[in-house]
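# What the coordinates show
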Amino acid sequence: MFHPSRVTVGHVLANLLTVSDDVAVQLCALVCPAVEVNRILVAKGFPDTAVQPVADSPRFHLGTSTARETHDLLRALVGGTLLSPASTAFVLRLLRSPVAFTDGIRRSMSSAERARIATKAGWFRDARHEAGVIFDTTGTPRLTYAFFAAGQPGRTASGRPTPPCRPGPGWAGGCWT
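Analysis parameters
- Residues numbered from 1 in each chain as written.
- Predicted model: local features only at pLDDT ≥ 70, side-chain atom pairs only at ≥ 80, totals over all residues.
- Heavy atoms only, no water.
- Core = buried A, V, L, I, M, F, W, Y, C linked by side-chain atoms within 4.5 Å.
- Buried < 20%, exposed > 50% of the residue type's maximum accessible area, 1.4 Å probe, protein only.
- Helix = DSSP H or I, 4+ residues; strand = E, 2+ residues; numbered from the N terminus.
- Contact = heavy atoms within 4.5 Å.
- Pairing = 2+ DSSP bridges.
- Axes fitted to C-alpha atoms, helices over the stretch in contact; angles between N-to-C directions.
- Parallel < 35°, antiparallel > 145°, perpendicular 65-115°, else oblique.
- Left-handed = near helix turned anticlockwise from the far one by under 90°.
- Nonpolar A, V, L, I, M, F, W, Y, C, P; charged D, E, K, R; others polar.
- Patch = residues over 30% accessible without salt bridge, like charges linked within 9 Å, V, L, I, M, F, W, Y side chains within 5 Å.
- Areas by Shrake-Rupley, 256 points an atom, 1.4 Å probe, with all protein chains shown as cover.
- Salt bridge = Lys/Arg side-chain N within 4 Å of Asp/Glu carboxyl O.
- Arc of directions from axis to C-beta.

With that settled, consider the nonpolar core. Within the largest apolar cluster, 26 residues are counted, with the highest numbers of intra-cluster contacts made by Phe-60, Leu-77 and Leu-95. Only helix 1 (9-19), helix 2 (22-31), helix 3 (34-43), helix 4 (67-79), helix 5 (85-95) and strand 4 (127-135) provide two or more residues apiece to this core. Excluding anything up to four places from it in sequence, Leu-95 contacts Leu-17, Leu-77, Ala-100, Arg-106, Ile-117, Ala-118, Thr-119 and Lys-120.

Here's what the structure looks like:
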């Protein structure tokens with residue numbers, strides 16, 4: 001039976017960038033294998049950022065990066081030197097979307113404030129990372145940030161605090177002070 005739905009690379013990238021969908025990672029590898037992803041990252045000036053290839057396969061697993069290279073990658077993105085203007089607009093629209101990570105830096109903001117922040121978060125075991133760009137009300141990028149943390153006591157396997165914390169007195173950008 002014919003099903004009218006189609007999954008495009010844009011759909012896959014949307015899931016990859018907004019909700020870190022594991023299936024999206026696998027689908028991306030069908031279009032651009034790990035070796036090619038890593039070659040492009042090095043050519044763009046990010047030698048410490050790479051995905052982990054799977055042996056005898058185009059697939060890849062989680063990668064590694066540094067806070068500095070993540071920061072620099074976001075600066076290049078908003079500066080228009082990383083991608084074409086159309087691709088830059090597409091990626092920033094995804095990262096600023098309401099379904100993108102709403103915890104972290106955007107946690108206590110209004111919808112209008114959240115829409116001014118392009119953000120990407122990730123966590124694995126006890127590591128918890130968030131990086132993004134804050135835009136002013138005119139759409140001009142004003143601040144680029146990259147928070148990387150790992151090995152914090154009292155974290156669950158996903159890296160989230162246990163019990164959930166709320167910003168308040170003593171909160172220092174992650175509520176584990």
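Next comes the rest of the account.
Our focus in this paragraph is the pairing of strand 4. In terms of burial, strand 4 is a largely internal element, eight of the nine residues being buried. Here strand 3 (residues 117-124) runs beside strand 4; their pairing, made up of eight bridges, is antiparallel. Within strand 4, the position partnered with Gly-122 by the bridge is His-129. Taken together, the eight bridges between strand 4 and strand 5 (residues 141-149) define a ladder with antiparallel strand orientation.

Turning next to the packing of helix 1 against helix 2. Two elements in contact, helix 1 and helix 2, have axes whose closest approach is 9 Å; the angle formed by their N-to-C orientations is 140°. Considering the angle they form, helix 1 stands oblique to helix 2. When you trace helix 1 past helix 2, the crossing you get is left-handed. Across the interface between the two elements, Val-9, Val-12, Leu-13, Asn-15 and Leu-16 from helix 1 touch Ala-24, Val-25, Leu-27, Cys-28 and Val-31 from helix 2. Tallied by class, the residues present in the contact of helix 1 with helix 2 amount to nine nonpolar, one polar and no charged.

A separate point is helix 1. For helix 1, every residue scored as buried is listed here: Val-12, Ala-14, Leu-17 and Thr-18. Check the buried side of helix 1 and you find it contacts helix 2, helix 5 and strand 3. The first or second residue beyond helix 1 is Ser-20, which carries a positive phi of 50°.

Backbone geometry places Asp-56, a non-glycine residue, at a positive phi of 55°. Its location among the elements puts Asp-56 in the loop between strand 1 (50-53) and strand 2 (60-64).

Pairing between sheet strands relies on hydrogen bonds along the backbone, with the strands arranged either parallel or antiparallel. Strand order across the open sheet formed by three strands is 3-4-5, with antiparallel pairing between neighbours. Unpaired on one side and paired on the other, strand 3 and strand 5 mark the two borders of the sheet. Strand-to-strand twist in this sheet, taken as the mean axis angle between neighbours without regard to direction, amounts to 5°.

Now for a nonpolar patch on the surface. A cluster of nonpolar side chains, contributed by Val-7, Val-9, Val-23, Leu-27, Leu-30 and Val-31, occupies part of the molecular surface with about 580 Å² of accessible area. Sort the elements by how many residues they give to the nonpolar patch and helix 2 lands first, with four residues. Exposure remark for Val-9: the relative accessible area of 46% places this residue in the partly exposed category.

Here we come to helix 3. Within helix 3, the full set of buried residues consists of Ala-34, Val-37, Asn-38 and Leu-41. All buried residues of helix 3 lie within an arc of 95° about the axis, which places them on one face of the element. Seen from the open side of helix 3, the exposed residues pointing more than 90 degrees away from its buried face are Val-35 and Ala-43. Buried residues along helix 3 sit in contact with strand 1, strand 2 and helix 4. One or two residues past the end of helix 3 sits Gly-45, with phi positive at roughly 100°.

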